[in-house]
Amino acid sequence: MSIETISLSGRKKVVSNKDMTFIERLYLVAIVKGLFITVKHLFRKKVTIHYPEQVREMSPVYRGQHMLKRDEQGRENCTACGLCALSCPAEAITMKAAERKADEKHLYREEKYAEIYEINMLRCIFCGLCEEACPKDAIYLTESKVLVPANYNREDFIFGKDKLVMPLEMALKNAQLKNAN
């Protein structure tokens, strides 16, 4: 069996090497086709949006910046199970688990909590798989239009718990809204 008859995909296609005619060598047909495409685009509707005056509406599946939730009492929901880090295709999430001490019951719900929880925003692709994998509904991607603030240092793009944990006032406000409904 020769190498010419082997087809790994099963879709072998024979290519002929025929000589081009004089008209094909002039490339006039190709040039006319290209000009036709250009002229066709001249008469299409423009898709430019004048940003400050016009705001493009966000997609219903838009995912913004990450946030670690708190419960009604202000305790963190994350139990450092690591499922979000395992499901992350970009390997952007790192965490370190620790045991809760007796005097920290008002800070964490479970015996185990995430002592260090970091997301490398340079690696994150905002796919939302971490949100889907979390059994405690601890992490979610907000609808905020602010994704990642611009910066010059790589270290500033690693978001720790100081930037990710939901502010206490927001958690209490969410609890009041939930109780009102």
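Residues numbered from 1 in each chain as written. Predicted model: local features only at pLDDT ≥ 70, side-chain atom pairs only at ≥ 80, totals over all residues. Heavy atoms only, no water.

Colleague: Help me out: how do you make sense of the nonpolar core in this one?
Modeller: One recurring pattern in soluble globular proteins is that nonpolar side chains are buried together. Ile-93, Tyr-117, Ile-119 and Ile-139 are the most contacted members of the largest nonpolar core, which totals 22 residues. Contributing elements (two or more residues each) for this core: strand 3 (112–120) and strand 4 (139–141). What Tyr-117 contacts, discounting residues up to four positions off in sequence, is Leu-68, Cys-78, Cys-84, Ile-93, Thr-94, Met-95, Ile-139, Phe-159, Gly-160, Lys-161 and Leu-164. (Core = buried A, V, L, I, M, F, W, Y, C linked by side-chain atoms within 4.5 Å. Buried < 20%, exposed > 50% of the residue type's maximum accessible area, 1.4 Å probe, protein only. Helix = DSSP H or I, 4+ residues; strand = E, 2+ residues; numbered from the N terminus. Contact = heavy atoms within 4.5 Å.)

Colleague: Teacher, can you tell me more about the sheet that holds strand 2 (residues 93–99) here?
Modeller: In sheet architecture, strand pairing relies on hydrogen bonds along the backbone and comes in two forms, parallel and antiparallel. What the three strands build is an open sheet, ordered 2-3-5; its pairing is antiparallel. In the strand order of this sheet, the two ends are held by strand 2 and strand 5 (158–159), each with one partner. The pairing of strand 2 with strand 3 spans seven bridges and is classified as antiparallel. In the sheet register, Ala-98 faces strand 3, and the bridge partner there is Tyr-113. (Pairing = 2+ DSSP bridges.)

Colleague: How should the UniProt feature "binding site: [4Fe-4S] cluster 1" (unreviewed entry) in the protein chain be read in this particular structure?
Modeller: Taken from the UniProt record, the annotation "binding site: [4Fe-4S] cluster 1" (unreviewed entry) applies to Cys-78, Cys-81, Cys-84 and Cys-134. The greatest C-alpha distance among the residues just named is 10.3 Å, despite their covering 57 residues of sequence, which places them together in space. Lining residues of the largest cavity drawn from the annotated set just named are Cys-78, Cys-81, Cys-84 and Cys-134. With respect to the element layout, Cys-81 can be found in the loop between strand 1 (66–68) and helix 3 (83–87). Accessibility expressed as a relative area gives 42% for Cys-81, which makes it partly exposed. Not counting residues up to four positions away in its chain, the partners in contact with Cys-81 are Met-95, Lys-112 and Pro-135. (UniProt positions renumbered as here; feature names shortened; annotations may be inferred. 1 Å grid on protein atoms, 1.4 Å probe; cavity = no way out; pocket = protein on both sides within 12 Å on 5 of 7 lines; lining within 4 Å.)

Colleague: Looking at this structure, how should I read unusual backbone geometry?
Modeller: Most peptide bonds are trans, and most residues other than glycine sit at a negative phi. Phi at Ala-80 takes a positive value of approximately 55°, unusual for a residue other than glycine. Turning to its location among the elements, Ala-80 is positioned in the loop between strand 1 and helix 3. Not every positive phi belongs to a glycine, and Phe-126 is a case in point at roughly 50°. Take Phe-126: it is sitting in the loop between strand 3 and helix 4 (129–133).

Colleague: Please explain the pattern of salt bridges as it appears in this structure.
Modeller: When the charged atoms of two side chains lie near each other, side chains of opposite charge can form a pair. Taken as a whole and assessed by the stated rule, the structure comprises five salt bridges. The salt bridge partner of Asp-71 is Arg-75, with a shortest N-O separation of 3.0 Å. The exposure class of Asp-71 is buried, given its relative accessible area of 7%. The salt bridge involving Glu-115 is made with Lys-96; its shortest N-O contact spans 3.6 Å. With Glu-115 in strand 3 and Lys-96 in strand 2, this pair connects stretches of sequence that are 19 residues apart. (Salt bridge = Lys/Arg side-chain N within 4 Å of Asp/Glu carboxyl O.)

Colleague: What is the right way to read the layout of surface pockets from this model?
Modeller: One simple way to see leftover space: roll a probe sized like a water molecule over the atoms. In this model, the largest pocket occupies a volume close to 250 Å³. Around the largest pocket sit Lys-69, Arg-70, Asp-71, Glu-72, Asn-77, Arg-109, Tyr-140, Met-166, Ala-171, Asn-174, Ala-175 and Lys-178, which together line it. Considering every element that reaches the lining of the largest pocket, the biggest residue donor is helix 6 (residues 168–180), with four residues. For the lining of the largest pocket, the per-class residue count stands at four nonpolar, two polar and six charged. (Points joined across faces, edges and corners; volume = space filled by probe spheres on them. Nonpolar A, V, L, I, M, F, W, Y, C, P; charged D, E, K, R; others polar.)

Colleague: Explanation requested: the side chain of Glu-104 in the structure shown.
Modeller: With respect to the helices and strands, the residue Glu-104 is situated in the loop between strand 2 and strand 3. Of the buried charged residues, Glu-104 lacks a salt bridge, with Lys-101 as the closest side chain of opposite charge at 4.7 Å. Here Glu-104 is in contact with Glu-99 and Tyr-113, once residues within four sequence places are set aside. (Lys, Arg positive; Asp, Glu negative; His and termini not counted.)

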